[in-house]
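# A structural walkthrough
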Amino acid sequence: MVPVLNHLADNPVLVLFLLIGLGMLVGHIKVKGVSLGAAAVLFAGIALAAWGVSQGVTIEVPSPLGILGLAVFTFAIGVQSGPNFFHVIRTAVGPLALMLLVFIAAAAAGVGVGRLLGMNSALIAGTFAGAITNTPSLAAAGNAATLAGNPDGAAIATVGYAVAYLYGVIGMLFFTLLALRYRRSDKDKPSPLTNRTIRVERDDSPMIGDILTTVSGELRFSRLRRGETGPITRPVAEDRVNRDDLVTVVGTQEAVAQVIKALGHGSSHSLIEDRRYLDFRRITVSDPKIAGRTIADLAVDHTFGATISRVRRGDTDMVGTPDLVLQLGDRVRVVAPTGRMKDISAFFGDSARGLSSINPVALGLGMALGVFIGEWKFLTPTGATFSIGSAAGTLLVGLVFGKIGRIKGLVTALPFTATAVLSELGLLIFLAQAGTKAGGQIANAFTGGDWWKILITGIVITTIAGLGIYASMRWIVKMGGTRLSGLLGGAQTQPAVLAFANERTGADPRVALGYAMVYPVAMIAKIFIAQILGGL
């Protein structure tokens, strides 16, 4: 087998795709309903590299490929999460503070156990970096140990990192699985949208705009018929509804129930089925001039006499509220006069390009800006410098790009389907590279006599971090299991955990939102803690 291993060592691109293919083949295997998913690529890389080292052959996917994959992954996750992230982050002070306290407790326990077992500061700091699976923390730990007077500090920290890393992934996967076990009771699950025709029973002829102000939740009036046989028209906020009028509303189940109670009762009639006056169609947003603009900015009501009642992004339906920013690839459900549908389709583009375009201008400039920010050297009070890494930098830029949608003529967001493909491909590339790197280090690290001390200390750190975050978010913050599964991945700064959660939830948007909510803060906090530990 040595010739085969030598051939693989000389062909890293072959190794990369071999690990992706074979890893995902294993990752799709379910045992009692549980599968590893993309995390299997990481473990396949560890196994292959460790086997190679045992035969005297170094097999490794080059580090720049791993950096590229991780940066693409985090940028795509940022763009996906951007529209909702800044709204959620306003309420994230409590969860972030609890996460920081858990990190401090885990680090303190690591120091206590490590000292008890006779480990030095560099080894403890490296073990901490591996237990919380954060490579920038390893660099900070090694640098701090060297500055503290240990010339072998970086090498010693690397050994601790390599031994602790494997349980750092497996342990957090376990706590993620615990979080997902109670996701069925989540209270933050988006309410499904529904439409209903209502018969008005009020005699005071209320104005539609006034009715909307009394409804909590998202709702749109899409059709109006005066009496039983009149023409169906598109209602506006200034219209008044009279007794026996029929109106069709679209919104969350709670909002629709409220408006039924406010106006009259649900009718057996269906205005949607009568297309003589108003038609409806799902149209794909593919014209870049539309992307990044709010529904109100498009003024389709004045231009075409149309109403955007729903927007479907990925597998999620949203009410077409005036302030909703459209993205390339969105599928808008438009209610409009039958004769204007062709013009409206041309206005939005209605091409498959809107689903698949990776928007190379935004991708290139956003990635470049994110890498620049990530590699920028920040000076600490101790005189040492650190950088947050290209992954954190591209995530931050992706969040901003996804939120703003457009900068004058430049569309900054990417279609949801494109971000899904980019994030999966980037993740798989990173996991293959990280696995081969860790596998080579683990094989060497376990030949030393301190491996069991590192393993015990790492297990303590990972368990305290995972259990502390799981318990505090579930029982103090009352966070739903779906979002918590993503938050655990973000707190661990571990894409394999995120991939596992996505695999189990069908890429529920709340998973990515939880991940993005804590990832940047977790990254910076871990770097600082590792630097302090290395300098003790």
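This text gives an overview of the structure that appears in the document.

Calculation notes
The numbers attached to residues start from 1 for each chain and follow its sequence in the written order. Only residues with pLDDT of 70 or above have their local features reported here, since the model is predicted, and side-chain atom pairs are shown and tallied only from 80 upward, although totals for entire chains, interfaces and linings are computed over all residues. The basis for every side-chain value is the complete set of heavy atoms in the structure, and neither hydrogens nor water enter the calculation. Numbering of helices and strands starts at the N terminus; helices are DSSP runs of H or I of at least 4 residues and strands are runs of E of at least 2. Three exposure classes are used, based on accessible area relative to the maximum for each residue type with a 1.4 Å probe and protein chains only: buried under 20%, partly exposed in between, and exposed over 50%. What the arc describes is the spread of directions from the helix axis to the C-beta atoms. Only heavy atoms matter for contacts: two residues are in contact if any of them lie within 4.5 Å across the pair. In this analysis, the protein atoms alone were mapped onto a 1 Å grid. Cavities are point sets where a 1.4 Å probe fits without being able to get out; pockets are open sets with protein on both sides within 12 Å along at least five of seven lines; lining residues have an atom within 4 Å of a point. Grid points are joined across faces, edges and corners, and a volume is the space filled by probe spheres set on the points. Any residue that is not Ala, Val, Leu, Ile, Met, Phe, Trp, Tyr, Cys, Pro, Asp, Glu, Lys or Arg is counted as polar, Gly included; the first ten are nonpolar and the last four charged. Patches draw on residues past 30% relative accessible area with no salt bridge. Two like charges within 9 Å are joined, as are two nonpolar side chains (Val, Leu, Ile, Met, Phe, Trp, Tyr) within 5 Å. Computed with the Shrake-Rupley method and a 1.4 Å probe, the accessible areas treat only the protein chains shown as cover for residues. Whenever a carboxyl oxygen of Asp or Glu lies within 4 Å of a side-chain nitrogen of Lys or Arg, that contact is scored as a salt bridge. In this scheme, a helix's expected span is set at 1.5 Å multiplied by one less than its residue total. Only four residue types enter the charge count: Lys and Arg as positive, Asp and Glu as negative, with His and the chain ends excluded. For two strands to be treated as a pair, DSSP must find no fewer than two bridges joining them. Axis lines are fitted through C-alpha atoms, for helices just across the contact stretch, and the angle between N-to-C directions can take any value from 0 to 180 degrees. We call a set of buried Ala, Val, Leu, Ile, Met, Phe, Trp, Tyr and Cys residues a nonpolar core when their side-chain atoms join them within 4.5 Å.

## As for the environment of V319
Here V319 lies in strand β8 (residues 316–319). As for V319 and I308, which are separated by eleven residues in sequence, their C-alpha atoms are 8.4 Å apart.

## Let's talk about helix α13 (residues 341–348)
Those residues of α13 that fall on the buried side of the exposure criterion are M341, I344, S345 and F348. For α13, the angular spread of buried residues about the axis comes to 100°, placing them on one side. In α13, the exposed positions angled more than 90 degrees off the buried face are occupied by K342 and A346. Structurally, α13 contributes buried residues whose contacts are with β6 (278–284), α11 (295–298), α12 (300–304), β7 (307–313) and β9 (331–337). Looking at the residues trailing α13, positive phi occurs at G349, about 105°.

## Description of the layout of surface pockets
The volume enclosed by the largest pocket comes to roughly 1800 Å³. In terms of lining residues, the largest pocket is bounded by 48 residues, among which N84, P190, T316, D317 and M318 are the most central. Broken down by element, the lining of the largest pocket gets its largest block of residues, seven residues, from helix α4 (residues 63–88). In terms of residue class, the lining of the largest pocket is made up of 16 nonpolar, 15 polar and 17 charged. By volume, the second largest pocket is sized at about 730 Å³. Of all elements in the fold, only α4, α7 (135–147), α8 (153–181), β11 (385–386), α16 (390–404), α17 (416–445) and α21 (509–534) reach the threshold of two or more residues within the lining of the second largest pocket. The residue makeup of the lining of the second largest pocket, split by class, is 17 nonpolar, 13 polar and three charged.

## Structural notes on a nonpolar patch on the surface
Taken together, the side chains of L14, L18, L22, L25, V26, I29 and V31 present a nonpolar region at the surface, about 640 Å² in accessible area. In this fold, L14 is placed in helix α2 (residues 12–27).

## With respect to helix α5 (residues 93–116)
The end-to-end C-alpha separation of α5 is 35 Å, in line with the 34 Å expected for 24 residues at 1.5 Å each. Listing the buried residues of α5 in full gives P95, L96, L98, M99, V102, F103, A106, A107, G110, V111 and G114. Buried residues along α5 sit in contact with α6 (121–131), α18 (451–476), α19 (481–491) and α21. Directly after α5, the chain includes G118, whose backbone phi takes a positive value near 85°.

## Considerations on the side chain of R310
Relative to the elements of secondary structure, R310 occurs in strand β7. The buried charged residue R310 lacks any salt bridge partner; its closest oppositely charged side chain belongs to D317, at an N-O distance of 4.6 Å. In this view, R310 contacts L193, T194, N195, V250, M318, G320, R331, V332 and R333; residues no more than four positions away in its chain are not counted.

## A closer look at the sheet that holds β9
Spatial strand order, β6-β9-β7-β8: four strands in an open sheet with antiparallel pairing. At either margin of the open sheet sits one strand with a lone partner, and together these are β6 and β8. Looking at each pair of strands side by side, their axes are set apart by 25° on average, direction ignored. Where β7 meets β8, four bridges bridge the pair, whose relative direction is antiparallel. The residue bridging V311 from the neighbouring strand is M318, located in β8.

## Remarks on the pattern of salt bridges
The full count for this structure, using the stated rule, is eleven salt bridges. The residue D203 makes a salt bridge to R243 at a minimum N-O spacing of 2.5 Å. Linking D203 in the loop between β1 (193–200) and α9 (208–213) with R243 in the loop between β3 (232–233) and β4 (246–252), this pair joins segments that are 40 residues apart in sequence. For D203, a relative accessible area of 62% gives the class exposed. What makes R243 partly exposed here is its relative accessible area of 41%. We note a salt bridge from K453 to D450, for which the minimum N-O separation is 3.7 Å. Accessibility expressed as a relative area gives 18% for K453, which makes it buried. Ionic contacts of the salt-bridge type, sharing partners, join the residues D186, D508 and R510 into one network.

## Focus on the sheet that holds β3
With respect to topology, five strands assemble into an open sheet ordered β3-β2-β4-β1-β5, the strand pairing being antiparallel. Since the sheet does not close on itself, it has two edges, and those belong to β3 and β5 (264–266), each with one partner. Bridge count for strand β2 (residues 219–225) against β3 is two bridges, and the pairing is antiparallel. By the bridge assignment for β3, L224 is matched with T233.

## Observations concerning the nonpolar core
Counting 102 residues, the largest nonpolar core has L42, M99, I469 and L484 as the members making the most contacts within it. The leading source of residues in this core is α21, at 15 residues. If near-sequence neighbours (up to four positions away) are discounted, M99 is found in contact with I469, M473, A491, V518, V521 and A522. Judged by nonpolar contacts, the second largest core, of 19 residues, contains I295, A306, M341 and F348.

## Comments concerning unusual backbone geometry
Residues other than glycine seldom take positive phi values, yet D244 does so here, at roughly 75°. For D244, the position within the fold is in the loop between β3 and β4. Taking the relative accessible area as the measure of exposure, D244 reaches 40% and is therefore partly exposed. Positive phi, close to 55°, is recorded for A507, a residue that is not glycine.

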